[in-house]
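If you want the building blocks of each chain, they are given just below.
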Amino acid sequence: MSSNLLKVAMAQIASVWLNKEQIIQKIENSTKQAAREDAELVVFGEALLPGYPFWIALTNGAECNSSIQKELHAHYVQNSITIENGELNSICNLAKKHKIAVYLGIMERAANRGGHSIYTSLVYIDPKGKIKSVNRKLQPTYDERLTWAL
């Protein structure tokens, strides 16, 4: 392939909502498929891992003292990713094995924020399997502000 061309795969897959183990498996499968098709970079959507907080718009998410909102949010936080705990290691190892770069939209449970705040983050994993950057969304919009930190 020409040195000034980059073959990119865009993985438009549905999340397995709030099940980080199953969605990681889907991400791995899509990464393997992209590598089989000689892609050099595979890109996944925002908040894919563990999923977008759609329940907020459907369940009166602004109700602060709601047991349903508290339970859903706690489950969301528990299924979010703490990078420092190695929760993306299998994807990093796969990127290295197949020499493919990955951009992955995750909900990051930030260890340096006590593990209580979550951020919608874009993680870049290089073809050597190293996490090279984690960029947090600067301005969550509308309902997102009820669950994502700034």
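For the structure itself, look to the data block above.
Summarised in this report is the structure supplied together with it. (Residues numbered from 1 in each chain as written. Predicted model: local features only at pLDDT ≥ 70, side-chain atom pairs only at ≥ 80, totals over all residues. Heavy atoms only, no water.)

So, the sheet that holds strand E4 (residues 118-125)
In step 1: The strand order E1-E2-E3-E4-E5 describes an open sheet built from five strands, whose pairing is mixed. Both outer strands of the open sheet, strand E1 (8-11) and strand E5 (131-136), are each paired with one neighbouring strand and no more. With direction set aside, neighbouring strand axes in the sheet form an average angle of 25 degrees.
In step 2: Pairing analysis gives eight bridges linking strand E3 (residues 101-109) to E4, with the strands arranged antiparallel. Counterpart to Arg109 in the pairing with E4 is Ile118.
In step 3: Helix H1 (residues 20-36) rests against E1, strand E2 (41-44) and E3 of the sheet, and its axis sits at about 145 degrees to E2. (Pairing = 2+ DSSP bridges. Helix = DSSP H or I, 4+ residues; strand = E, 2+ residues; numbered from the N terminus. Axes fitted to C-alpha atoms, helices over the stretch in contact; angles between N-to-C directions. Contact = heavy atoms within 4.5 Å.)

A short note on the nonpolar core
In step 1: With 24 residues, the main nonpolar core has Ile27, Val42, Phe44, Leu49, Leu88, Leu104 and Ile106 as its most contacted residues.
In step 2: Elements that contribute at least two residues to this core include exactly E1, H1, E2, helix H4 (89-98), E3 and E4.
In step 3: Among the elements that make up this core, the one with the highest residue count is H1 (five residues).
In step 4: Sequence-distant contacts of Ile27, defined by excluding residues within four places in its chain, comprise Ile13, Phe44, Leu48, Leu49, Ile91 and Leu104.
In step 5: Grouped together as the second largest cluster of nonpolar side chains are nine residues, Trp55, Tyr76, Ile118 and Trp148 included. (Core = buried A, V, L, I, M, F, W, Y, C linked by side-chain atoms within 4.5 Å. Buried < 20%, exposed > 50% of the residue type's maximum accessible area, 1.4 Å probe, protein only.)

Side note on H1
In step 1: Between its first and last C-alpha atoms H1 spans 24 Å; for 17 residues at 1.5 Å apiece the expected length is 24 Å, and the two agree.
In step 2: Of all the positions in H1, only Lys20, Ile23, Ile24, Ile27, Glu28, Ser30, Thr31, Ala34 and Ala35 are classed as buried. The buried residues of H1 occupy an angular sector of 165 degrees when the element is viewed end-on, so they sit on one face. The outward face of H1, more than 90 degrees from its buried face, is lined by the exposed residues Glu21 and Arg36. (Expected span 1.5 Å × (residues − 1). Arc of directions from axis to C-beta.)

A few points about the pairing of E5
In step 1: Two strands pair when backbone bridges link them, and E4 and E5 are joined in this way by five bridges, in the antiparallel orientation. Across the sheet, residue Leu122 finds its bridge partner in E5, namely Asn135.
In step 2: Joining the antiparallel neighbours E4 and E5 is a turn of five residues, in which Gly129 adopts a positive phi near 85 degrees.

A short note on H4
In step 1: Among all positions of H4, only Ile91, Cys92, Leu94 and Ala95 are buried. Seen from one end, H4 has its buried residues packed into an arc of 160 degrees, which puts them on one side. Of the exposed residues in H4, the ones pointing more than 90 degrees away from its buried face are Asn93, Lys96 and Lys97.
In step 2: Summarising the contacts, the buried residues of H4 are in contact with H1, E3, E4 and E5.
In step 3: Two residues or fewer after H4 comes Lys99, characterised by a positive phi angle close to 50 degrees.

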